[in-house]
Amino acid sequence: MEKKLKVAVIGCGRVSRTAHYSSIKEHSQLYEFVGVCDTDKERADKYALETGSKAYYSADDLIEKQELDLVSINVPNGLHVEVALKFAERGINLMIEKPLAMTVEDADRIIDICERKNIKLFTIMQNRYNATNKILKSCVDKGRFGRISTCNVTVSWRRELPYYTEDHQWRSRRDLAGGVFTNQCVHYIDMMQWLVGAPPETVYAKMGTIYPIEVEDHGAGIIKFKNSVIGSLVLTNHAYPLDTEGSITIIGERGMVKLGGKSMNKVVQWDFVDKDIEDDQIKEAETNPPTVYGFGHLEMYERAARSIRGENIEVIDGREGRKAVALLEALYLSDYSGKEIRFPLGKR
Ligand SMILES: NC(=O)c1ccc[n+]([C@@H]2O[C@H](COP(=O)([O-])OP(=O)(O)OC[C@H]3O[C@@H](n4cnc5c(N)ncnc54)[C@H](O)[C@@H]3O)[C@@H](O)[C@H]2O)c1
């Protein structure tokens with residue numbers, strides 16, 4: 001049997017508690033859960049006890065004291081880059097929660113060091129592993145839609161003011177979180193570009209803020225892709241009375257599909273001119289996850305382990321994670337400048 005990979009999690013907050021600890025435990029044949037790390041000592045101690053691992057109170061302490069094959073970085077978005085660089089410098093493989101970084105420049109810094117050190121970098125975009133989304137991607141790749149004209153994303157969620165003000169207010173800050181485009185909807189923006197399957201050409205966006213916070217809490221954007229698909233984003237954290245819709249719609253000349261539910265896991269519409277195997281597969285694929293996080297973290301960890309062990313397996317790497325970061329940067333640039341933004345951004 002192959003040696004288990006030593007893994008630690010940095011940041012003992014919501015996402016770690018909801019999706020990471022359980023995924024690592026489920027893959028106990030692949031991973032040895034060696035540590036959790038949080039600058040909040042009480043939290044670190046609590047989750048060390050709960051996960052049967054050791055508590056660390058700083059990234060430096062973890063690096064110095066613990067041998068690691070993989071570190072999972074689940075701290076506020078704006079801190080991903082500084083934590084990632086520390087571990088990468090020591091040659092430790094990285095799994096980084098969404099978004100990879102807050103700017104293209106920072107994403108490139110992480111990608112560059114991982115390439116230089118010859119280590120693996122995984123970006124968490126777990127919705128790509130929802131059964132429904134995989135089947136939809138297969139329809140796109142097989143050309144079942146014919147020529148695709150349109151991709152719409154609608155996210156009508158509700159986040160009250162305390163959501164932004166708790167946890168030292170990081171979710172209200174531009175440098176640490178970004179607003180509804182970044183913090184809630186990066187998954188949907190990634191899903192759009194992944195399904196459309198072509199690089200973006202231009203973007204235009206308008207954003208607004210109703211609450212007394214720095215970040216945008218509603219807005220709309222248009223993305224024109226190089227294959228002429230027009231994507232639209234209509235995003236709000238002010239739905240009433242609760243989260244009502246998180247959906248993606250693909251419209252082609254020979255098919256139209258809309259996936260909704262908590263994390264694009266329910267079929268709202270599924271119509272194609274020509275029948276094929278996915279029409280049966282999709283009937284079995286709908287799930288009802290307890291949270292918007294879905295179940296995809298489990299597959300992220302499985303693929304990461306196989307990739308670290310040298311298997312040539314598809315993973316969501318740094319270059320994949322960068323795509324949504326670049327779209328986000330362009331959307332913000334457009335809103336700030338009032339202008340349409342043309343790709344590419346940065347050096348890649
Ligand atoms: N994939 C998803 O669906 C999903 C869902 C929620 C959050 N996230 C992402 O996960 C990350 C964490 O979000 P969250 O909601 O769990 O936040 P959180 O505030 O609940 O938890 C973050 C934790 O990090 C700790 N921390 C902050 N700086 C640290 C440092 N330098 N070293 C060690 N610990 C530090 C904090 O004390 C806190 O316990 C963010 O990047 C967020 O975007 C992803």
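The sections below set out a description of the structure shown in this document. The structure presented is a predicted model; accordingly, all values stated were derived computationally and were not measured. (Residues numbered from 1 in each chain as written. Predicted model: local features only at pLDDT ≥ 70, side-chain atom pairs only at ≥ 80, totals over all residues. Heavy atoms only, no water.)

Before going further, it helps to spend a moment on the environment of Leu94. Mapped onto the secondary structure, Leu94 falls in strand E5 (residues 93-96). Taking the C-alpha atoms as reference points, Leu94 and Ala304, separated by 210 residues in sequence, lie 9.3 Å from one another. Once residues within four sequence positions are removed from consideration, Leu94 is found in contact with Leu70, Val71, Ile73, Ala84, Phe87, Ala88, Ile110, Cys114, Lys120, Leu121 and Phe122. (Helix = DSSP H or I, 4+ residues; strand = E, 2+ residues; numbered from the N terminus. Contact = heavy atoms within 4.5 Å.)

Spatial ordering of the open sheet is given by E3-E2-E1-E4-E5-E6, a layout of six strands whose pairing is parallel. One side of each edge strand has no neighbouring strand; the edge strands of this open sheet are strand E3 (54-56) and strand E6 (121-123). Averaged over neighbouring strand pairs, the angle between their axes works out to 20 degrees when direction is ignored. As paired strands, strand E4 (residues 70-73) and E5 are joined by four bridges and run parallel to one another. (Pairing = 2+ DSSP bridges. Axes fitted to C-alpha atoms, helices over the stretch in contact; angles between N-to-C directions.)

Next up on the list: the pattern of salt bridges. Summed over all chains, the structure comprises 32 salt bridges. The closest approach of N and O atoms between Asp243 and Arg159, which form a salt bridge, is 3.0 Å. Linking Asp243 in the loop between strand E10 (230-236) and strand E11 (245-252) with Arg159 in the loop between strand E7 (148-156) and helix H7 (161-165), this pair joins segments that are 84 residues apart in sequence. Using a relative accessible area of 36% as the deciding quantity, one classes Asp243 as partly exposed. Glu302 is the salt-bridge partner of Arg306, the closest N and O atoms lying 2.9 Å from each other. Taken as a pair, Arg306 and Glu302 lie in helix H11 (residues 297-308) at a separation of four residues, close to a single helical turn. Here Arg306 falls in the partly exposed class, since its relative accessible area comes to 30%. Glu302 gets classed as partly exposed once you look at its relative accessible area, which sits at 28%. (Salt bridge = Lys/Arg side-chain N within 4 Å of Asp/Glu carboxyl O. Buried < 20%, exposed > 50% of the residue type's maximum accessible area, 1.4 Å probe, protein only.)

On to the nonpolar core. If you look at the biggest cluster of nonpolar residues, it comprises 108 residues, and the most contacted ones within it are Tyr31, Phe87, Leu94, Ile110 and Phe181. Membership of the second largest hydrophobic core comes to five residues, among which are Tyr163, Tyr164, Tyr211 and Val215. (Core = buried A, V, L, I, M, F, W, Y, C linked by side-chain atoms within 4.5 Å.)

Glancing now at helix H5 (residues 104-117). Counted at 1.5 Å a residue, the expected span for H5 with its 14 residues is 20 Å, and the 20 Å between its end C-alpha atoms agrees. Regarding H5, the residues found buried are Val104, Asp106, Ala107, Asp108, Ile110, Ile111, Ile113 and Cys114. Note on H5: the residue one or two positions beyond its end, Asn118, has a positive phi of about 60 degrees. (Expected span 1.5 Å × (residues − 1).)

As a further point, take the site of the ligand. Close to the ligand lie 25 residues; Asp38, Arg43, Asn77, His80 and Trp170 are nearest. With respect to the ligand, the backbone of Val75 contributes an N or O atom lying 3.1 Å from an oxygen atom. The contact in question runs from a nitrogen atom of the ligand to an N or O atom on the side chain of Glu97, over 2.9 Å. Relative to its unbound accessible surface of 850 Å², the ligand loses 89% to contact with the protein. Here the shell around the ligand is composed, by residue class, of eight nonpolar, ten polar and seven charged. Residue-level mapping places the shell around the ligand at the junction of two domains, with at least three residues from each of domain 1 (5-126 + 297-317) and domain 2 (128-276 + 324-342). (Near = heavy atom within 4 Å. Polar contact = N/O pair within 3.5 Å; in protein donor to acceptor, adjacent residues only side chain to side chain. Areas by Shrake-Rupley, 256 points an atom, 1.4 Å probe, with all protein chains shown as cover. Nonpolar A, V, L, I, M, F, W, Y, C, P; charged D, E, K, R; others polar. Domains from an automatic or database assignment.)

Attention now moves to the state of the cysteines. Taken as a whole, this structure holds zero disulfides when the rule is applied. Counting only cysteine sulfurs, Cys37 is the nearest neighbor of Cys12, a cysteine outside any disulfide, at a range of 7.3 Å. (Disulfide = S-S within 2.5 Å.)

Any functional reading would require information beyond the geometric quantities listed.
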